[in-house]
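In case you want the letters, here they are:
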Amino acid sequence: MRAAVIVFPGSNCDEDAAAAWRLATGGEAALVWHESTDLGGADAIILPGGFAHGDYLRCGAMCRFSPAMRAVAAAARAGRPVLGICNGFQILCEAGLLPGALARNAGLDFRCETVSVRVEAPSAWTVACGPGAVLRLPIAHGDGRYWLPPEEREALIARDGVVLRYVPAGAGNPNGSVDDIAGVCNPGRNVVGLMPHPERAAERLLGGEDGIGILRSALAWAAGAARPEEALRA
Amino acid sequence: MTAVPAFLVAAEIHLKPGALDPQGQAVGAGLRALGHTEVEDVRVGKHVRLRVRAADADAARAAGERMCRQLLANPVLETYAVEVRPAPDGPADDGTGPP
């Protein structure tokens, strides 16, 4: 299975994401410059962490003008797994591919630590983790406070769109995200954004392997092992 | 022949009322630490200035509001207000302060 990792000016987790993908899935990963619209027939797409376009105006705001985002939106519509990690999550929200927005951390601190998150719902990027699994994953962000208006929040929760939550509730929340939300998916469940970095938790030597299940989920998803309705019933 | 007139469009962008503004809180704490105990609340936002060509002030305002909805503000989190005035010759930042 081939992954395309989109590289924006200012991305800095692109090589890590590609390396972790190869390690976790045994598949290929290619870096795709943001000016290209050719994803090389990739089966899965990763928007990596970093500071795309210098975080100018708002984190992720300028990326929708990158030609690659047209291809990413088309792949999302086609049901292919799309994962936004950290800055990639911000980009997906700004591009309208995911609901909500990521605001400045409640404490204003840049939080760089390992957190615990619980898998809340199956998606293209969580289905291999098992429901209720608690993962230890690194975070590194200053603008990770997920927020969306109350009525949209209810709709998101009602459709099981929250895929990861910080645990324990409240005390485990590093940034003030509403409802302890650490990751969400689109209605098709193939587009996922999360603040933690699974690509930084793909080798025991580097502190943990809890991110491997996130990346391997795309394999199970693409193989049709779990479709949204079945997965949610399970 | 009359040229299309220029306008200065100033967009003020803030977090929605009631939304947590940790930056404003930190600035407020800093001001109180300096002895400005009269400060009750601080909200920090963005101010964007544009110099645009438009048929009239209403058209310039409508263009500025479209730009806020499409890019300058994130409607999920932020509100915006647009002010318009005729532009003197020169760049968007004419040194005279907000309209």
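Our subject in this report is the structure included herewith. Along each chain, residue indices are assigned from 1 in the same order as the chain's sequence is written. Here the convention is simple: chains get letters from A, ligands get numbers from 1, in the order in which they are written. Since the coordinates come from a predicted model, pLDDT governs what is reported: local features require at least 70, and pairs of side-chain atoms require 80 or more to be given and counted, while whole-chain, interface and lining totals use all residues. In computing side-chain properties, one takes all heavy atoms of the structure into account and sets aside hydrogens as well as water.

1. Some points on the sheet that holds strand E4 (residues 82–85) of chain A
Residues and elements named next belong to chain A.
In step 1: Pairing in this open sheet of nine strands is mixed, and the strands run E2-E1-E3-E4-E11-E10-E9-E6-E7 from one edge to the other. With one partner strand each, in any of the chains shown, strand E2 (28–33) and strand E7 (134–141) form the two edges of the open sheet. Sheet twist, expressed as the average angle between the axes of neighbouring strands with direction ignored, equals 25 degrees.
In step 2: The sheet contact formed by E4 and strand E11 (residues 191–194) spans four bridges and is parallel. Along E11, the bridge assignment pairs Val 82 with Val 191.
In step 3: Contacts from helix H1 (residues 14–25) reach strand E1 (2–7), E2 and strand E3 (44–47), with the element oriented near 160 degrees to E2.
In step 4: Strands in contact with helix H3 (residues 87–94) are E3, E4, strand E10 (181–185) and E11; relative to E4, the strand with the most contacts, it is inclined by about 120 degrees. Here, strands pair whenever DSSP counts at least two bridges between them. Runs of H or I in DSSP of at least four residues are treated as helices and runs of E of at least two as strands, each being numbered from the N terminus. In this analysis, axes come from line fits to C-alpha atoms, helices being fitted only over the stretch in contact, and the angle between any two N-to-C directions falls in the range 0 to 180 degrees. The criterion used for residue contact is that any of the two residues' heavy atoms lie within 4.5 Å.

2. Some words on the side chain of Glu 78 of chain B
In step 1: The topology assignment puts Glu 78 of chain B in strand E3 (residues 78–86).
In step 2: Engagement of the side chain of Glu 78 of chain B in a polar contact is seen with the backbone nitrogen of Asn 74 of chain B, the distance being 2.7 Å.
In step 3: The contacts of Glu 78 of chain B, once residues within four sequence positions are left out, are Arg 58 of chain A together with Ile 13, His 14, Leu 15, Lys 16, Lys 46, Leu 72 and Ala 73 of chain B. Under this definition, polar contacts are N or O atom pairs within 3.5 Å; protein pairs additionally need one hydrogen-donor-capable and one acceptor-capable atom, and for neighbouring residues in sequence, both atoms have to be side-chain atoms.

3. Regarding the nonpolar core
In step 1: Buried Ala, Val, Leu, Ile, Met, Phe, Trp, Tyr and Cys residues form a nonpolar core when they are joined through side-chain atoms within 4.5 Å. Three labels apply to residues, based on accessible area from a 1.4 Å probe with only protein chains included: buried if under 20% of the type maximum, exposed if over 50%, partly exposed otherwise in between. Membership of the largest hydrophobic core comes to 76 residues, with the highest contact counts inside it found for Ile 6, Trp 21, Leu 39, Ile 45, Leu 47, Trp 125 and Tyr 146 of chain A.
In step 2: It is helix H2 (residues 68–77) of chain A that provides the largest number of residues to this core, a total of six residues.
In step 3: Discounting chain neighbours no more than four positions away, the residues touching Ile 45 of chain A are Ala 4, Ile 6, Leu 39, Val 72, Ala 75, Pro 81, Val 82, Leu 83 and Trp 125 of chain A.
In step 4: One finds Phe 7, Val 9, Ile 13 and Ala 60 of chain B within the second-largest nonpolar core, a separate group that totals 14 residues.

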